[in-house]
Amino acid sequence: LSGRIAGWVRQVHRDRGFVVLRGLPVAAWGEEAASLFFWCLGWHLGVPGAQNRYGDLLGHVRDTGEDPADPAVREYRTPVRIGFHCDAADMVGLLCLRQALAGGESRIASSVTIFNELLHRHPELVDRLFAPIALDAHAEGGLRWFPIVPCRFDGETLRTFWHGGYYRSAQRYEDAPRLDAQATALIDAYDAIAAEPGIALDMRFAPGDIQLLSNHTVVHSRTQYTDHPEPALRRHLLRLWLTVPGREPWPTRIRRARDAARVAGRLVSQRVRQRQWVRDARHP
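Anyway, here's the lowdown on the structure attached to this text. (Residues numbered from 1 in each chain as written. Predicted model: local features only at pLDDT ≥ 70, side-chain atom pairs only at ≥ 80, totals over all residues. Heavy atoms only, no water.)

A closer look at the state of the cysteines
Step number 1: This structure, assessed with the given rule, holds 0 disulfides.
Step number 2: In this structure Cys86 is not part of a disulfide, and its nearest cysteine sulfur, from Cys151, lies 8.9 Å away.
Step number 3: Judged by its relative accessible area of 2%, Cys86 falls in the buried class.
Step number 4: Note on Cys151: relative accessible area 1%, which makes it buried. (Disulfide = S-S within 2.5 Å. Buried < 20%, exposed > 50% of the residue type's maximum accessible area, 1.4 Å probe, protein only.)

Things to note about the sheet that holds strand E12 (residues 201-203)
Step number 1: Taken in spatial order, the 4 strands line up as E4-E14-E7-E12 in an open sheet, and their pairing is antiparallel. Two strands bound the open sheet, and with one partner strand each, they are strand E4 (82-85) and E12. Across the sheet, the axes of successive neighbouring strands diverge by a mean angle of 15°, strand direction being ignored.
Step number 2: Across 2 bridges, E4 lies against strand E14 (residues 218-222) in antiparallel orientation. Counterpart to His85 in the pairing with E14 is His220.
Step number 3: Against the sheet, helix H4 (residues 111-121) makes contact with strand E7 (106-110) and E14, and its axis sits at roughly 60° relative to E7, the strand it touches most. (Pairing = 2+ DSSP bridges. Helix = DSSP H or I, 4+ residues; strand = E, 2+ residues; numbered from the N terminus. Axes fitted to C-alpha atoms, helices over the stretch in contact; angles between N-to-C directions. Contact = heavy atoms within 4.5 Å.)

What about the pairing of strand E8 (residues 133-136)?
Step number 1: Here E8 shows no split at all, with Ile133 and Leu135 on one side and Ala134 and Asp136 on the other all buried.
Step number 2: Note that E8 and strand E9 (residues 145-148) share 4 bridges and pair antiparallel. If you follow Ala134 over to E9, its bridge partner there is Pro147.

A closer look at H4
Step number 1: Within the span of H4, buried status applies to Ser111, Ile114, Phe115 and Leu118. Summarising the axial view, the buried residues of H4 lie within an arc of 100°, below the 170-degree limit, and thus occupy one face.
Step number 2: Tucked inside the fold, the buried residues of H4 contact E7, strand E10 (151-154), strand E11 (157-160), helix H6 (181-194) and E14.
Step number 3: N-capping of H4 is provided by Ser110, with a side-chain oxygen placed 3.2 Å from the backbone N of Val112. (Arc of directions from axis to C-beta. Polar contact = N/O pair within 3.5 Å; in protein donor to acceptor, adjacent residues only side chain to side chain.)

Some thoughts on the nonpolar core
Step number 1: Core analysis: the largest hydrophobic core is formed by 30 residues, its most contacted members being Ile114, Leu118, Leu129, Trp162, Tyr167 and Val219.
Step number 2: Within the residue set of this core, elements represented by two or more residues are H4, E8, E9, helix H5 (164-169) and H6.
Step number 3: The element that contributes the greatest number of residues to this core is H6, accounting for 6 residues.
Step number 4: Excluding residues within four positions of it along the chain, Leu118 makes contact with Pro123, Val126, Leu129, Leu186, Ala189, Tyr190 and Ile193. (Core = buried A, V, L, I, M, F, W, Y, C linked by side-chain atoms within 4.5 Å.)

What about the packing of aromatic side chains?
Aromatic ring pairs: the centre-centre distance and the angle between the two ring planes describe each pair.
Step number 1: One pass over the structure, following the stated rule, counts 7 aromatic pairs.
Step number 2: The interplanar angle of 50° and the centroid separation of 5.1 Å between the aromatic rings of Trp29 and Phe37 together place this pair among those described as tilted.
Step number 3: The exposure class of Trp29 is partly exposed, given its relative accessible area of 35%.
Step number 4: A relative accessible area of 27% means that Phe37 is categorised as partly exposed.
Step number 5: Ring geometry for Phe130 against Phe153: centres 5.7 Å apart, planes inclined by 10°, an arrangement best described as stacked. Taken as a pair, Phe130 in the loop between H4 and E8 and Phe153 in strand E10 lie far apart in primary sequence, 23 residues in all. (Phe/Tyr/Trp six-rings, centres within 6.5 Å; stacked < 30°, edge-to-face > 60°.)

Description of helix H3 (residues 31-45)
Step number 1: Taking 1.5 Å per residue, 15 residues should reach 21 Å; H3 reaches 21 Å between its end C-alpha atoms and fits that length.
Step number 2: Those residues of H3 that sit buried are Ala34, Ser35, Phe38, Leu41, Gly42 and Leu45. Looking straight down H3, one finds its buried side chains confined to an arc of 130°; they lie on one side. Seen from the open side of H3, the exposed residues pointing more than 90 degrees away from its buried face are Glu32, Leu36 and His44.
Step number 3: Those residues of H3 that are buried are in contact with helix H1 (2-14), helix H2 (26-29), strand E2 (47-48), strand E5 (91-98), strand E13 (210-214) and strand E16 (236-243). (Expected span 1.5 Å × (residues − 1).)

Geometry only, nothing functional implied.
In structure tokens form, the structure reads like this:
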């Protein structure tokens, strides 16, 4: 499969930004063998990375029964609707083991198309995409929030990291920068455009389906779902966050290394500042 896998990576990383594979016999394999297959496929696609504070490299997307109203609970562990966003990796992969009783459709949209539509309809908002917005980190890596620039140009290529829900929820932290009027209007307009018919592409996963997405050129979301009452039938997806190494020209690799060093410095700085803020808040 090496030739086909290389083609899938090219389609995700350099072409349309997503691939859907269908027909894997996951029911016959069972969860353990399907997990082993997906883990090994991930290593042929890229390098798996941690997805949460627990260090999970092969994630499980399912309803764990946690309270979705609790801001500390990640939405993928509940059945609620998830807004358009990107994940912290080059590529995200999902393998469906079981589908929900109703709902739970995947929605994807080109972040390049959204940018172009925003430029056409709201040119006064576009500059705000290139300035930092506080992102809710949900205490991952010891951080509560983190400043992120939604858009960057890598040469002539637009790369996007979008998470409208986390931009909004970061406002729960008193020390996070407040959303200005332009940023609020940007988030509302961006999410609205992403959801429009003709821009959003909806798909319902069936058992044995794999979806591979670029986090640089595609945003994704999920509709709310109703699960089966029987635990053995409930919706269950496997997830991988993948770094795709060594496939860019050298100028891009140099820019990525420089940006990674800059982000690492910001992470350390923010962690120190936020720990100091928490100490000051506890002992005024």
